[in-house]
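Observations on the three-dimensional arrangement
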Amino acid sequence: MANLVYKRVSTDQQSTDRQNLVLAEAGIEDPVIFEEQAGTSSRLHPLQRPKFAELLTYARPGDSVHISEMFRLVRGTGHILDVLHRDRLALRIHDGAFSAMDLTARHPRTGELLSTVKFMVQTLAAAGELQRELTYDGLRAAEAKGNKGGRRPAIPDGKTQVVRAAYLEGQSIAALARDHDVSRGAIRTAVADLLPEYTAADPDTSTPELPVILDMPGKVADFLRATELEPAERTTLDQGVTVRRGQGYTLRVTAVPAIHRRLLDLCQALDGTAAVPAQRKARREYENRVNLHAPATNLGSQSRSAT
């Protein structure tokens with residue numbers, strides 16, 4: 001009996017580092033790896049993905065399929081359980097809501113998958129599909145208002161002096177960000193030496209921001225994973241540590257304050273009408289943690305972790 005490991009990321013900016021960590025901690029013996037080409041979309045049915053199809057061809061009855069979390073394989077119901085049952089393969093999930101379930105439990109007389117297993121997996125997988133659709137609905141609603149997904153643009157070189165002059169005249173950072181359709185962080189960068197907390201430094205030396213550890217609510221992490229991110233932001237998420245909280249989870253993220261603030265900026269769609277109340281609440285929780293532990297001002301030599 002073989003242990004078949006399946007790995008996938010949705011964009012070519014992501015890495016499998018987090019999946020590798022989860023699967024390594026599982027202690028899988030003699031794994032046979034099937035890894036999709038980077039950028040294989042979660043919208044593509046698993047049976048249409050080249051490496052998963054190769055896995056099914058390679059597999060023999062009694063083999064076990066291992067994945068780090070259910071959504072690496074499928075977000076919708078997709079009849080994947082039926083396919084694995086047909087081929088008499090076990091499915092082992094090593095992280096997330098499914099990791100506590102026995103996905104190979106069968107009726108002692110008929111050998112069929114237990115109806116409770118089918119119901120729970122289909123329900124939770126359908127919830128994942130709904131979460132993804134809500135994310136895309138939020139992005140479409142934002143686009144209808146003229147907002148584009150992904151990182152907001154920086155201030156063009158030709159407008160920097162205009163922004164600085166307006167700031168000196170008393171216009172707030174928030175107002176300038178709205179007027180120029182950029183993030184508040186971009187405005188702060190443009191007027192950094194004009195801020196009250198600015199202290200001139202020796203040009204030959206620099207004081208880098210120190211990493212801060214924050215717990216990101218799972219609903220925020222799920223949203224960001226479906227968002228276009230810069231490589232540094234994507235790597236930060238991939239290296240986060242999952243901490244289970246009841247039936248949900250938080251992602252323990254270690255990053256410099258600037259990264260935390262950029263991730264927070266990218267969550268603005270979760271404040272929109274297309275987001276469910278739980279998503280809006282999760283974003284507010286993350287915003288409070290960022291403002292408390294990773295404020296816009298230089299943190300100096302101290303680093304704190306969220307409680």
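Here's what I pulled together on the structure shown here. (Residues numbered from 1 in each chain as written. Predicted model: local features only at pLDDT ≥ 70, side-chain atom pairs only at ≥ 80, totals over all residues. Heavy atoms only, no water.)

Digging into the overall build of the chain
A count of helices and strands for the chain gives eleven helices and seven strands. Buried positions account for 40% of the 307 residues belonging to the chain. Sequence-distant contacts, at least 24 apart, represent 70% of the contacts inside the chain between residues at least 6 apart. By element, 51% of the accessible surface of the chain is carried by carbon and sulfur atoms, the whole surface being about 16700 Å². (Helix = DSSP H or I, 4+ residues; strand = E, 2+ residues; numbered from the N terminus. Buried < 20%, exposed > 50% of the residue type's maximum accessible area, 1.4 Å probe, protein only. Contact = heavy atoms within 4.5 Å. Areas by Shrake-Rupley, 256 points an atom, 1.4 Å probe, with all protein chains shown as cover.)

Points about the sheet that holds strand β2 (residues 31-35)
Read across the open sheet, the four strands follow the order β2-β1-β3-β4; overall the sheet is parallel. The open sheet has two free edges, formed respectively by β2 and β4 (90-93), since each of these has just one partner strand. Neighbouring strand axes in the sheet, compared pairwise and without regard to direction, differ in orientation by 25° on average. Inspection of the sheet shows strand β3 (residues 64-67) paired to β4 by four bridges, in the parallel sense. What sits directly across from V65, in β4, is L91. Across the sheet, helix α1 (residues 17-25) is in contact with β1 (3-7) and β3; its angle to β1 comes to roughly 160°. Each of β1, β2 and β3 is contacted by helix α2 (residues 50-58), which is oriented at about 145° to β2, the strand it contacts most. (Pairing = 2+ DSSP bridges. Axes fitted to C-alpha atoms, helices over the stretch in contact; angles between N-to-C directions.)

Observations regarding the pattern of salt bridges
In a structure, side chains of opposite charge can pair up when their charged atoms sit close to one another. This model, assessed by the stated rule, comprises nine salt bridges. The partner of R18 in a salt bridge is D95, with the nearest N and O atoms 2.7 Å apart. Taken as a pair, R18 in helix α1 and D95 in the loop between β4 and α4 (115-144) lie far apart in primary sequence, 77 residues in all. Both residues of the pair, R18 and D95, belong to the buried class. (Salt bridge = Lys/Arg side-chain N within 4 Å of Asp/Glu carboxyl O.)

Topic: the sheet that holds strand β5 (residues 212-217)
An order of β5-β7-β6 is seen for the three strands of this open sheet, with the pairing classed as antiparallel. Every interior strand has two partners, whereas the edge strands, β5 and β6 (241-245), have only one. Between one strand axis and the next, the sheet turns by 30° as a mean value, whatever way the strands run.

Brief notes about α2
Turning to α2, its buried residues number three or more, namely F52, L55 and L56. Burial along α2 is one-sided: seen end-on, the buried residues are contained in an arc of 95°. Away from its buried face by more than 90 degrees, α2 exposes P50 and T57. (Arc of directions from axis to C-beta.)

A short note on the packing of aromatic side chains
Tallied over the full model, the rule gives two aromatic pairs. Measuring from centroid to centroid gives 5.3 Å for Y6 and F52, while their planes differ by 70°, and the two rings are edge-to-face. With Y6 in strand β1 and F52 in helix α2, this pair connects stretches of sequence that are 46 residues apart. Take Y6 and F52: they sit in the same class, and that class is buried. (Phe/Tyr/Trp six-rings, centres within 6.5 Å; stacked < 30°, edge-to-face > 60°.)

Some remarks on unusual backbone geometry
Positive phi, close to 45°, is recorded for D30, a residue that is not glycine. If you trace the backbone, D30 turns up in the loop between α1 and β2. Overall, D30 belongs to the exposed group, its relative accessible area being 68%. A positive phi angle, close to 55°, is found at D181, a residue other than glycine. Mapped onto the secondary structure, D181 falls in the loop between α6 (173-180) and α7 (184-190).

As for helix α5 (residues 160-168)
All of the buried residues in α5 are V163, R164, A166 and Y167. The buried residues of α5 occupy an angular sector of 165° when projected down its axis, which confines them to one face. In this structure, α5 carries Q161 and L168 as exposed residues pointing more than 90 degrees from its buried face. Where α5 is buried, its residues touch α6 and α7. Just downstream of α5 lies G170, where phi reads positive at about 110°.

Quick look at the pairing of β6
In terms of strand pairing, β6 meets strand β7 (residues 248-255) through five bridges, oriented antiparallel. When the bridges of β7 are listed, T242 appears paired with L251. Remark: two residues form the turn of the hairpin made by β6 and β7, two consecutive strands paired antiparallel; G246 in that turn has positive phi of roughly 65°.

A short note on the environment of R60
Within the secondary structure, R60 is located in the loop between α2 and β3. For the pair R60 and L89, spaced 29 residues apart in the sequence, the C-alpha separation amounts to 7.5 Å. Here T57 takes part through its backbone oxygen, which lies 3.2 Å from a polar atom of the side chain of R60. (Polar contact = N/O pair within 3.5 Å; in protein donor to acceptor, adjacent residues only side chain to side chain.)

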